[in-house]
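Tertiary structure, described
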Amino acid sequence: MAPGIVEEDMNFNLRKYNVSYNTGFMLESPLTSLPHYFEPWNHLAASVPSRLKTKTLRDAVHELPQLDHRQLVGHRQLRLAHLQLSYITSGYVWQDGDHGVPQLPKNLAVPLYKISQELGIQPILSTADLGLANWKLTHSDRPRDFENLECICHPPGDSEGDWFCIVTFMVEFNFSNCLKPMAHIIETLDTYETARDDSLNMDTTEDQVTRYLDELTDAIATMKAAFVKMHDNLQANTFFNVLRPFLMGWGGKGNPLPDGLIYEGVSEQPLKFLGSSEAQSGTLQLLDGFLGVQHTEDKRETLLHMRSYMLPGHRAIIEDVERRETTLRNFVLSSRNKSLHSAYNRCLSAVVNFRSYHLQIVTKYIVAASRHGVSGQHDNDDLKGTGGTNLIPFLKGLRSDTEDAATVPHDKKTKFSIKREVIIAAFVITGVITAINLSWVRSMI
């Protein structure tokens, strides 16, 4: 548990969402191996990197026994099994790079599909696996940091592939520091609602929310600080030519498997799924929902689709925060407190800065790398991420929507106060007109 955070002391219960104040959306204390019955899965998952280099992974998959997934017990065993099988699946499909195979054998397809149904996620390697359930500490008595984190399943690219995951781990872990101030703001606003006619209560609430918003802004800044480390140990050509193909999904225009992948023993028709994407993490979607950022319909449709790749609990916390009657944004808009508006806008700016840096990462690792790694010229607007989106327009749009959420400058009236003063002015004008009419009537008598 992070210093100063005791789960039981917080009224906003995260446990029911499979979220923790200690690890955020990251799986707490993930298992690193399954029971002996599943040793064939343990062994093959551990050998994926070497077998990809020798092009022997498909042969090994064909020799796998058909294991009964119902022997798995508990959430953590299911998560590790899904990580292992989806990881092996990506290696099987993309063993030869961009030239995938159209069918997944039954001994892999059936348990992966069934486990996915139990977990409520998709039968493909996603952020829920590689980004949230794939971590372990090198030394259990040392804190989580870049030097003390390892991958359970190692993606292609050797140490560079591992570094991609480790940076992702740290961004997610740093996000967990956002949860405490968010919970405090929710609790503060709920308390305010019970006595909102009290002007003193309003002043106190504004001061408390301002303080917690500053804490949230600082926490978001640490997410970007972790993200910046991506450049330290990952080269663009390694990501684009080695790691990125491994993270692709199947199905859709421009995909090597445009019709999708047949899961033998599950469906005779090919199934289409998106590859792993940052948008499949709940971090930014939860921040958007909490801050009241409204995305345009086309982008929101994409983000909602990405939620189908999240664990049900992770989807639920975003939806519950979005559905709250007492929202942070409405509270800020109803206030004329300059410090509160400034704190809210600084928090939005921290999210904008994170999204701006994400654009820089994409430009380096995908846009620029595509020009060097693949023959021919590419239109930036047509480049797609592993999650299937048109990268640059989509990310710029998300950033723009976040910028647009900034509240009116503190020296101007809020919409609420403007509306109130218009009504008052109308009564005054009506009164003046009435007085003039009475005076005119008297003069005629």
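Keep in mind that what you see is a predicted model, and the values were worked out from it rather than measured.

1. With respect to the overall build of the protein
Helix and strand counts for the protein come out as 16 helices and 4 strands. Counting every position in the protein, which comprises 445 residues, the buried fraction comes to 52%. Long-range pairs, those at least 24 residues apart, make up 76% of the contacts in the protein with a sequence separation of at least 6. By element, 52% of the accessible surface of the protein is carried by carbon and sulfur atoms, the whole surface being about 20,800 Å².

2. Examining the environment of glutamine 208
With respect to the element layout, glutamine 208 can be found in helix 7 (residues 199–227). Separated by 23 residues in the primary sequence, glutamine 208 and isoleucine 185 have C-alpha atoms spaced 7.8 Å apart.

3. So, the packing of helix 6 (residues 158–193) against helix 10 (residues 283–291)
Across the interface, helix 6 lies against helix 10 with an axial gap of 11 Å and an inter-helix angle of 20°. In this view, helix 6 runs roughly parallel relative to helix 10, as classed from their interaxial angle. Pair helix 6 / helix 10 crosses with left-handed handedness. Contact with helix 6, carried on its side by Glu172, Phe175, Leu179, Met182, Ile185 and Ile186, involves Thr283, Leu286, Leu287 and Phe290 of helix 10 and no other residues of that element. Its residues assigned to classes, the contact of helix 6 with helix 10 comprises 8 nonpolar, 1 polar and 1 charged.

4. Describing helix 6
Taking 1.5 Å per residue, 36 residues should reach 52 Å; helix 6 reaches 54 Å between its end C-alpha atoms and fits that length. Most of helix 6 is tucked away, with 29 of its 36 residues classed as buried.

5. Brief notes about the pattern of salt bridges
Under the defined criterion, the tally for this structure stands at 12 salt bridges. The residue aspartate 214 makes a salt bridge to arginine 346 at a minimum N-O spacing of 2.8 Å. In this pair, aspartate 214 is assigned in helix 7 and arginine 346 in helix 14 (residues 338–373), connecting sequence segments 132 residues apart. Exposure remark for aspartate 214: the relative accessible area of 27% places this residue in the partly exposed category. With relative accessibility at 41%, the residue arginine 346 sits in the partly exposed group. Across the salt bridge formed by arginine 307 and glutamate 322, the nearest N and O atoms sit 2.8 Å from each other. Here glutamate 322 lies in helix 12 (residues 312–322) and arginine 307 lies in the loop between helix 11 (297–306) and helix 12, a separation of 15 residues in the sequence. By relative accessible area, arginine 307 is classed as buried at 4%. One network of salt bridges, in which partners are shared, links Arg300, Arg307 and Glu322.

6. A few points about the nonpolar core
Grouped together as the largest cluster of nonpolar side chains are 131 residues, with contacts concentrated most on Trp41, Leu213 and Leu328. The element contributing the most residues to this core is helix 6, with 18 residues. Here tryptophan 41 is in contact with Leu34, Leu64, Leu67, Leu72, Ala81, Gln84, Leu85, Ile88, Pro111 and Ile115, once residues within four sequence places are set aside.

7. Details of the confidence of the model for the protein
Per-chain confidence: the protein averages 87 in pLDDT, with 84% of residues scoring 70 or above. Between residues 412–445, whose pLDDT stays under 50, and residues either more than four places distant or in other chains, the model counts 12 contacts.

8. Observations concerning the packing of helix 10 against helix 12
Interhelical geometry of helix 10 versus helix 12 gives an angle of 15° and a closest axis separation of 8 Å. The pairing of helix 10 with helix 12 is recorded here as roughly parallel in orientation. Classified by chirality, the crossing of helix 12 by helix 10 is left-handed. When helix 10 is examined against helix 12, the residues Gln285, Leu286, Gly289 and Phe290 are found in contact with a partner set consisting of Ile317, Ile318, Val321 and Glu322. Residues belonging to the contact of helix 10 with helix 12 are distributed by class as follows: 5 nonpolar, 2 polar and 1 charged.

9. Notes on unusual backbone geometry
Its identity as a non-glycine residue notwithstanding, asparagine 18 has a phi of 60°, on the positive side. By the secondary structure assignment, asparagine 18 is in the segment before helix 1 (39–54). Even without a glycine there, the phi angle at serine 29 is positive, about 45°. Here serine 29 shows up in the segment before helix 1. Residue serine 29 is classed as partly exposed on the basis of its relative accessible area, which comes to 49%.

10. Focus: empty space enclosed by the protein
Under the defined criterion, the tally for this structure stands at 2 cavities of 30 Å³ or more. Each pocket or cavity is described by its volume, and for the second largest cavity that value is around 50 Å³. If you go around the second largest cavity, the residues you meet are Phe12, Leu14, Leu179, Met182, Ala183, Ile186, Leu286, Ile317 and Val321. Listing elements by their share of the lining of the second largest cavity, those giving two or more residues are helix 6 and helix 12. The class makeup of the residues in the lining of the second largest cavity is 9 nonpolar, no polar and no charged.

Basis of the calculations
- Residues numbered from 1 in each chain as written.
- Predicted model: local features only at pLDDT ≥ 70, side-chain atom pairs only at ≥ 80, totals over all residues.
- Heavy atoms only, no water.
- Helix = DSSP H or I, 4+ residues; strand = E, 2+ residues; numbered from the N terminus.
- Buried < 20%, exposed > 50% of the residue type's maximum accessible area, 1.4 Å probe, protein only.
- Contact = heavy atoms within 4.5 Å.
- Areas by Shrake-Rupley, 256 points an atom, 1.4 Å probe, with all protein chains shown as cover.
- Axes fitted to C-alpha atoms, helices over the stretch in contact; angles between N-to-C directions.
- Parallel < 35°, antiparallel > 145°, perpendicular 65-115°, else oblique.
- Left-handed = near helix turned anticlockwise from the far one by under 90°.
- Nonpolar A, V, L, I, M, F, W, Y, C, P; charged D, E, K, R; others polar.
- Expected span 1.5 Å × (residues − 1).
- Salt bridge = Lys/Arg side-chain N within 4 Å of Asp/Glu carboxyl O.
- Core = buried A, V, L, I, M, F, W, Y, C linked by side-chain atoms within 4.5 Å.
- pLDDT = per-residue confidence, 0-100.
- 1 Å grid on protein atoms, 1.4 Å probe; cavity = no way out; pocket = protein on both sides within 12 Å on 5 of 7 lines; lining within 4 Å.
- Points joined across faces, edges and corners; volume = space filled by probe spheres on them.

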